[in-house]
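Topology and contacts: notes
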Amino acid sequence: MRALNAGGLGRGGRPQGAADAIGRARAEGRAALVAYLPCGFPSLTASIDACRALIRGGADVIELGLPYSDPVMDGPVIAEAATAALAGGFRVDDVFEAVAELAPAGVPIEVMTYYNPVFRRGEERFAGELAAAGGAGLITPDLIPEEAGAWTRAADGFGLDKVFLVAPTSSAERLRLTAAACRGFTYATSTMGVTGVRSSLSELARPLVERTRAAGADNVCVGIGVSTPEQAAEVASFADGVIVGSAFVKRLAAGRDVEALAAELREAARP
Amino acid sequence: MSQMPGPYFGSYGGRFVPEALIAALDELSAAYEAAKTDPAFGAELDHLARVYAGRPTPLTEVRRFAAEAGGARIFLKREDLAHTGSHKINNVLGQALLTKRLGKRRVIAETGAGQHGVATATAAALMGLDCVVYMGLEDTERQALNVARMRLLGAEVVAVKTGSRTLKDAINEALRDWVTNVADTNYVFGTAAGPHPFPAMVRDFQSVIGREARAQMLAEVGRLPTAACACVGGGSNSIGLFSAFLEDGGVGLHGFEAAGDGVETGRHAATLTAGAPGALHGAKSYLLQDADGQTIESHSISAGLDYPGVGPEHSFLKDSGRAVYRAVTDAAAMDAFAKLTRLEGIMPAIESAHGLAGALTLARELGPEAVVLVCLSGRGDKDVETAARWFNL
């Protein structure tokens, strides 16, 4: 399947979005693997190399984190990696450089960023630079659709994905609103809490995915506290994609390779 | 204008938080809206303010202090005399009553100087709520007295070791706790910042400062002040004071931020003076940030003002020109701290000393006919160690 996308460009000469990649995984009878790593950790080049390893391991979508000074949705593993990246001199420009390096592999790159770096740069300029680098879109954990007017206009103008989050506490009305605002996929947070490795998958995940689908979402991927092949298999039984972050970051922080874990998770993510 | 309900104050405010918190913010907004129009809630809060917090707090004219500024009259609104030693009690009593209405059993709070943490721990003790206070590690060291007070009151104090280890990081950690425990936990936010409904709600609970002060000026002095002054960190005592005077065109509104070592040195907390609009801790407002939108760490001798953000209504008031904001250095604040202590026998919190220093400058500028009202937001007992070091005692 991957050969079909050599060059990394989809319709209209733009990079393909996450929906295409999730659809291809579905056609193969599995859930998509959405793999997260922060840009600039432990260094810019090392983070690009690690993302390449995720792609070799079979990640269907790369979620590239933009390190931010105040990451309120992140637990200690990812927060400490962000702090280290910033201490190492990370700049927002580095994300566009990393995206440009990675995009030709043909796997969509979604940048995970808190809102202020986007607002500060200007939504239009941010979207333009991301699109020019070949990025697929943004995942915005502290931006709700009602506050996202400027980002929505910019993303629509450049054909970028807009991934908003839903939570177990989201009302049916908010699930409809959020599902309608998303392009690419809808990010379902499996539990109430911040990113991090947990021993078991939250029982809140499955009903949230079902409610989000009923609210009109085509592609629902589950993240927060998904780290093992067992958890990935469980998520794959009811969701369109499995989002894994802290487990990769932990491995990278320990100086270990992330490719094997990506391959294991991809193989496990079958219903 | 005094009743701007949020979520927006011009282009500022809003809700820039994870979706997981939206249901809780909606629930809190609804509970607050219902409480606002419920006479029983108002009566209970007024009763507690009177018999528990010691309101109304007096208005004190400080003649010897004012003589330092060339003859203008200076009046202090004595929030330092409120229970727990600062204006923070006004807000936490309101939010703790709301917590009970929500049926929640646990409260969390952030604190910088420890005044809001002490006030929250106090209200939690009074109402039988579990209480966890997040405080930056650096602040637990420079405000050790307040850490001990919170623990004696039965609160758990968590020393936050991430980031700059001050108020900003305490708020991050409190937000992480809230995302995780929102089902049984209410976040008692300490300042007029954060996501809606906090900026409007905290202002409303603190507006008692301005209402009382305005009535006292009219009854005891026979006129409104030329200028109303307060220190601004997140901005809760100042917005509480300002809110009563917004429609009084003849009353200048003056906020004084922390200039730390001096705004030009980069080591300061003068958000409105030197910041730019951005989104932090749930709201759009002025913010100390770099070109990439990363928050810049603030610096101030005052833990309570050591914050790189500010409440959104202040950003609106700055842009509209209705309020004027200036910055006061550590040195100027400590000079005013010494003057009020020595000349009046009133030891102010170092936060409040920024407002006093600003008032001295302003009184000189306005001349001997001016009548200057200053919110003395807290007392200085907690700062004795810092002050002793500063003055080499």
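Predicted model, so just to flag it, every value in this text is computed and none were measured. (Residues numbered from 1 in each chain as written. Chains lettered and ligands numbered in written order. Predicted model: local features only at pLDDT ≥ 70, side-chain atom pairs only at ≥ 80, totals over all residues. Heavy atoms only, no water.)

**Comments concerning the sheet that holds strand β2 (residues 12-16) of chain B**
Residues and elements named next belong to chain B. Spatial ordering of the open sheet is given by β1-β2-β13-β12, a layout of 4 strands whose pairing is antiparallel. Only two strands of the sheet have a single partner each, and these edge strands are β1 (8-9) and β12 (276-280). Inspection of the sheet shows β2 paired to strand β13 (residues 282-287) by 2 bridges, in the antiparallel sense. Paired with glycine 13 across the strands is lysine 284, a residue of β13. Across the face of the sheet, helix α12 (residues 312-320) comes into contact with β1, β2 and β13 while running at roughly 40° to β13. (Pairing = 2+ DSSP bridges. Helix = DSSP H or I, 4+ residues; strand = E, 2+ residues; numbered from the N terminus. Contact = heavy atoms within 4.5 Å. Axes fitted to C-alpha atoms, helices over the stretch in contact; angles between N-to-C directions.)

**Points about the confidence of the model for chain A**
Here chain A averages 93 in pLDDT, and 94% of its residues register 70 or above. pLDDT under 50 marks residues 1-13 of chain A. Its contacts with residues more than four places away, or in other chains, come to 22 contacts. (pLDDT = per-residue confidence, 0-100.)

**Observations concerning the sheet that holds strand β1 (residues 32-38) of chain A**
Residue and element names in this part refer to chain A. Here 9 strands make up an open sheet; going across it, the order is β5-β4-β3-β2-β1-β9-β8-β7-β6 and the pairing parallel. Every other strand in the sheet has two partners, leaving β5 (161-163) and β6 (165-166) as the edge strands with one partner each. Of the pairings in the sheet, the one linking strand β7 (residues 186-189) to strand β8 (residues 220-223) comprises 4 bridges and is parallel in character. Opposite threonine 186, over in β8, you have valine 220 as the bridge partner. Across the sheet, helix α9 (residues 205-214) touches β6, β7 and β8, and the angle it forms with β8 is around 155°. Where helix α11 (residues 246-253) meets the sheet, its contacts fall on β1 and β9 (241-244), and the angle it forms with β1 comes to roughly 45°.

**A look at helix α6 (residues 123-133) of chain A**
Think of an α-helix as 3.6 residues a turn; residues three or four steps apart then line up on the same face. Residues and elements named next belong to chain A. Those residues of α6 not exposed but buried are Glu123, Phe126, Ala127, Gly128, Leu130, Ala131 and Ala133. Here the buried face of α6 lies against α4 (92-102), β3 (109-112), α5 (115-121), β4 (137-139) and α7 (149-158). Glycine 134 sits one or two positions beyond α6 and adopts a positive phi of about 95°. (Buried < 20%, exposed > 50% of the residue type's maximum accessible area, 1.4 Å probe, protein only.)

**So, helix α9 (residues 198-221) of chain B**
Residue and element names in this part refer to chain B. In this model α9 runs 34 Å from its N-terminal to its C-terminal C-alpha over 24 residues, within 8% of the 34 Å that 1.5 Å per residue would give. Most pronounced at phenylalanine 205, the bend in α9 amounts to some 40°. Among the 24 residues in α9, 18 count as buried, and that is most of the element. (Expected span 1.5 Å × (residues − 1). Bend = angle between axes of the 7 residues up to and from the residue.)

**What about the interface of chain B and chain A?**
Taken together, the contact between chain B and chain A spans 32 residues of the former and 34 residues of the latter. Between chain B and chain A, roughly 2,800 Å² of surface is buried when both sides are summed, and carbon and sulfur atoms account for 51% of that area. The largest per-residue losses of area from chain B upon contact with chain A belong to B:Glu19, B:Arg176 and B:Asp292, which jointly make up 26% of the total buried on that side. Taken together, the links from chain B to chain A amount to 3 salt bridges. Between A:Arg174 and B:Glu19 there is a salt bridge, with its nearest N and O atoms 2.8 Å apart. Every element with two or more residues in the side of chain B that touches chain A is listed here: β2, α1 (22-36), α8 (167-181), β12 and β13 of chain B. Sort the elements by how many residues they give to the side of chain B that touches chain A and α8(B) lands first, with 6 residues. Looking at the side of chain B that touches chain A residue by residue, the classes come out as 16 nonpolar, 9 polar and 7 charged. (Buried area = accessible area lost by both parts, 1.4 Å probe. Salt bridge = Lys/Arg side-chain N within 4 Å of Asp/Glu carboxyl O. Nonpolar A, V, L, I, M, F, W, Y, C, P; charged D, E, K, R; others polar.)

**Some thoughts on the packing of aromatic side chains**
Scanning the model with the defined rule gives 13 aromatic pairs over all chains in all. Centre to centre, the rings of A:Phe96 and A:Phe126 are 5.2 Å apart; their planes meet at 70°, and the pair counts as edge-to-face. Taken together, the residues A:Phe96 in helix α4 and A:Phe126 in helix α6 connect sequence positions 30 residues apart. Of the residues examined, A:Phe96 reaches a relative accessible area of 9% and is grouped as buried. Taking 6.2 Å as the distance between ring centres and 55° as the angle between the ring planes, the aromatic pair formed by B:Trp178 and B:Phe198 counts as tilted. Of the two residues, B:Trp178 sits in helix α8 while B:Phe198 sits in helix α9, which places them 20 residues apart along the sequence. Aromatic ring contacts, followed pair by pair, group B:Trp178, B:Tyr187, B:Phe189 and B:Phe198 into a single cluster. Note that B:Lys318 overlies the ring of B:Tyr286, its terminal NZ or CZ placed 5.4 Å from the centroid. (Phe/Tyr/Trp six-rings, centres within 6.5 Å; stacked < 30°, edge-to-face > 60°. Lys NZ or Arg CZ within 6 Å of the ring centre and 35° of its normal.)

**Examining the pairing of β7(A)**
Residue and element names in this part refer to chain A. Burial along β7 is two-sided: Thr186 and Ala188 facing one way and Tyr187 and Thr189 facing the other are all buried. Here β6 runs beside β7; their pairing, made up of 2 bridges, is parallel. Bridge pairing in β7 places valine 166 opposite alanine 188. Taking the sense of rotation as the criterion, the β-α-β connection linking β7, α9 and β8 turns out right-handed. (Right-handed = clockwise from strand over helix to strand, strands pointing away.)

**Side note on the packing of helix α10 (residues 229-236) of chain A against helix α12 (residues 259-268) of chain A**
Helix-helix packing is characterised by the crossing angle of the two axes and by the distance between the axes. Residues and elements named next belong to chain A. Here α10 crosses α12 at 35°, and the two axes come no closer than 8 Å. Here α10 and α12 pass one another in a crossing that is right-handed. Of α12, the residues touching α10 (which contributes Pro229, Ala232 and Ala233) are Glu264, Leu265 and Ala268. (Left-handed = near helix turned anticlockwise from the far one by under 90°.)

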